[in-house]
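Listed below, chain by chain, are the residues.
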Amino acid sequence: METTHKFIYFFLLHFLLITVSESRPLSYDTMFKSNLNHSVTAVLVFGDSTVDSGNNNFVPTIFKGNFPPYGIDFPDQQPTGRFTNGRLATDFVASYVGVKEFVPPYLDPSLSIEELMSGVCFASAGTGFDPLTPKISNVIEISKQVEYFREYKKKIEKAIGKERMENHIRRALYIISAGTNDFVVNYFTLPIRRKTFSLPAYERFILHNSLQFLQELFDEGARKMLFATLPPMGCLPIVITLFSKDPILERGCLDHYSSVAREFNSMLEYELNKMNLRLAKQGFKIALNDAYGPLIDMIQGPASAAFDDGNSGCCGTGLLETGILCNPKSFLCPDPSNLFSQEYY
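Here goes a summary of the coordinates provided.

Conventions used here
Residues numbered from 1 in each chain as written. Predicted model: local features only at pLDDT ≥ 70, side-chain atom pairs only at ≥ 80, totals over all residues. Heavy atoms only, no water. Buried < 20%, exposed > 50% of the residue type's maximum accessible area, 1.4 Å probe, protein only. Helix = DSSP H or I, 4+ residues; strand = E, 2+ residues; numbered from the N terminus. Pairing = 2+ DSSP bridges. Axes fitted to C-alpha atoms, helices over the stretch in contact; angles between N-to-C directions. Parallel < 35°, antiparallel > 145°, perpendicular 65-115°, else oblique. Left-handed = near helix turned anticlockwise from the far one by under 90°. Contact = heavy atoms within 4.5 Å. Nonpolar A, V, L, I, M, F, W, Y, C, P; charged D, E, K, R; others polar. Lys, Arg positive; Asp, Glu negative; His and termini not counted. Salt bridge = Lys/Arg side-chain N within 4 Å of Asp/Glu carboxyl O. Phe/Tyr/Trp six-rings, centres within 6.5 Å; stacked < 30°, edge-to-face > 60°. Disulfide = S-S within 2.5 Å.

**Considerations on the pairing of strand 1 (residues 43–47)**
And then number 1: Buried residues dominate strand 1, accounting for 5 of its 5 residues.
And then number 2: Of the two faces of strand 1, both are covered, the one formed by Val43, Val45 and Gly47 as well as the one formed by Leu44 and Phe46.
And then number 3: Relative to strand 2 (residues 173–177), strand 1 runs parallel, the two being bridged by 5 bridges. Note on strand 2: the bridge partner recorded for Phe46 is Ile176.

Dropping the structure here:
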C-alpha cells in the first residue's frame, strides 16, 4: 500500500470532511493550515487485514504477516504483522493528524499508556461482520474488537480519570475497514452461507451487522468515524484466480463480484446518511471513504497508466499467495511501486 497515494488522499480528504465545521465552507488552504492535532486526540482502528497492524501476531492463527517479505519497505525492513510491504493507510492518517507515525496493535503487551492514548489498532486480518467469517480463520471477531475497546477505555480512565477519558474518546477518530472477507472468503468461496442466504439477503445481513457495530461504537462514546466502502472485489488477484475461467491467461477484473461491492456500497451510503441525520444533534459524524472509485481508477481507469500490472500480487506467482504462502523464499516483483496490487497476497 506504500505507493497507493490516491487511496491515501481520499482517506485524508474524507477525514477533513469530518473534522472541519459544517457551518461555513472552508478553502483547501484554510483546511490544511488548521491545526488538526487539536481536533483529534487519538486514531482508533477496527476491521480486517486492510488495517490490521499486527494483532494477529498474538492470536493462534495461520493468518499472520510478521515475517519477510512483509514489511520490506517498513522502517528497518521490519515485518510487523501488517499485510503489506510498508505502511497502512491508517498509519498515514495518524501521521498526518499529528498523533503518531504508526498505529500499533492493541494486543502488543509492551505498549505504554502514552502509546495507548494516542491510538491503537483493534483490527484482525481475516475477520468480517459475519460472525462466521473470523471462525474460518480463527481470528478476532468484530464483537471482540468492541470488547477490547471497552477494556481500552478502562485503561485510559485509570490513567487520567473518567471525565478526561470521555472527552478523549469523544475527540478521537475511528477508522473502520472490513467486509471484503465476508463476501470473498465466506460467501463466494465457501458453501455454508450460500445454502441459507441469497446474495441480496446476505448483503442485507452484512449491512445490518455493520450498522449494529457502528451503533455500539457510538454508545461507547465514538463521535467521529470514517468507514471504508468495499473495494472492486472482482479486481482482487485472489478473486481473479479463484473465479476466472482461465486464471492464468484471463487476468481481467470480474465485474460480477465488483457489482456486488457497488450495490452494497450504495446501500451502505444510504444507511450512513440516515445515521448521520439521526445522531447529528449528539455530535455524531460519519464519513464514507470511497475505497471503490480510486482503486478501480488505478486498475482500469486513467490512473492505471502509472502501473505495469494491476491484476496480480507482488509475491510469488501473484495469483494466490497470502499469509504463509508468501514467505522469505518467495519471488518478489522487482519494483512494488510499479504494481498497483502490490500487497503480498
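**A few points about the packing of helix 6 (residues 142–160) against helix 7 (residues 162–170)**
And then number 1: Two elements in contact, helix 6 and helix 7, have axes separated by 7 Å at closest approach and are oriented at 130 degrees. The orientation of helix 6 with respect to helix 7, classified from their angle, is oblique. Between helix 6 and helix 7 the crossing geometry is right-handed. Only Lys162, Arg164, Met165, His168 and Ile169 of helix 7 make contact with helix 6, whose side of the interface consists of Phe149, Tyr152, Lys153, Ile156, Glu157 and Ile160.
And then number 2: Taken together, the residues of the contact of helix 6 with helix 7 break down into 6 nonpolar, 1 polar and 4 charged.

**A look at the side chain of Asp182**
And then number 1: Here Asp182 shows up in helix 8 (residues 180–189).
And then number 2: Arg193 is the oppositely charged side chain nearest to the buried, salt-bridge-free Asp182, at an N-O distance of 7.8 Å.
And then number 3: Beyond its immediate chain neighbours, meaning those up to four positions away, Asp182 contacts Gly128, Phe129, Asp130, Thr133, Tyr187, Tyr202 and Ile206.

**Quick look at unusual backbone geometry**
Trans peptide bonds make up the majority, and among non-glycine residues the majority have a negative phi.
And then number 1: In the segment running from Pro68 into Pro69, the intervening peptide bond is cis, with an omega of 10 degrees.
And then number 2: Here Pro69 lies in the loop between strand 1 and helix 3 (89–97).
And then number 3: With phi around 55 degrees, Asn138 is a residue other than glycine that occupies positive phi space.
And then number 4: By the element assignment, Asn138 lies in the loop between helix 5 (132–137) and helix 6.

**What about the sheet that holds strand 3 (residues 224–228)?**
And then number 1: As summarised here, the arrangement of the 4 strands in space is 1-2-3-4, forming an open sheet in which the pairing is parallel. Every interior strand has two partners, whereas the edge strands, strand 1 and strand 4 (285–289), have only one. Neighbour-to-neighbour, the strand axes of this sheet turn through a mean angle of 20 degrees, independent of strand direction.
And then number 2: This element, helix 6, spans strand 1 and strand 2 of the sheet and lies at about 160 degrees to strand 1.

**Describing helix 3**
And then number 1: Most of helix 3 is tucked away: 7 of the 9 residues are buried.
And then number 2: All buried positions along helix 3 are accounted for by Ala89, Thr90, Asp91, Phe92, Val93, Ala94 and Val97.
And then number 3: At the C-terminal side of helix 3, Gly98 shows a positive phi close to 85 degrees.

**Here's the deal with the packing of aromatic side chains**
And then number 1: Considering all chains together, one arrives at 27 aromatic pairs under this definition.
And then number 2: Seen in terms of ring centroids, Phe122 and Tyr152 are 5.8 Å apart; in terms of plane orientation they differ by 90 degrees. Their pairing is edge-to-face. Of the two residues, Phe122 sits in the loop between helix 4 (113–118) and helix 5 while Tyr152 sits in helix 6, which places them 30 residues apart along the sequence.
And then number 3: Using a relative accessible area of 0% as the deciding quantity, one classes Tyr152 as buried.
And then number 4: Relative to Tyr202, the ring of Phe197 has its centre 5.6 Å away and its plane inclined at 70 degrees; by these criteria the two rings are edge-to-face.

**Examining the state of the cysteines**
And then number 1: What the rule picks out here adds up to 3 disulfides.
And then number 2: A sulfur-sulfur separation of 1.7 Å characterises the disulfide bridge that pairs Cys314 with Cys333. With the S-S bond torsion at -65 degrees, the cross-link from Cys314 to Cys333 turns out left-handed. Of this pair, Cys314 sits in the segment after helix 13 (292–299) while Cys333 sits in the segment after helix 13; the two residues are 19 residues apart in sequence, bridging distant segments of the chain. Accessibility classification places Cys314 together with Cys333 in one group, the buried group.
And then number 3: Note that Cys315 is cross-linked by a disulfide to Cys326, the S-S spacing being 2.2 Å. Between Cys315 and Cys326, the disulfide has an S-S torsion of 105 degrees and is therefore right-handed. Of this pair, Cys315 sits in the segment after helix 13 while Cys326 is found in the segment after helix 13, placing the two residues 11 residues apart along the sequence. Judged on exposure class, the residue Cys315 and its partner Cys326 are both buried.

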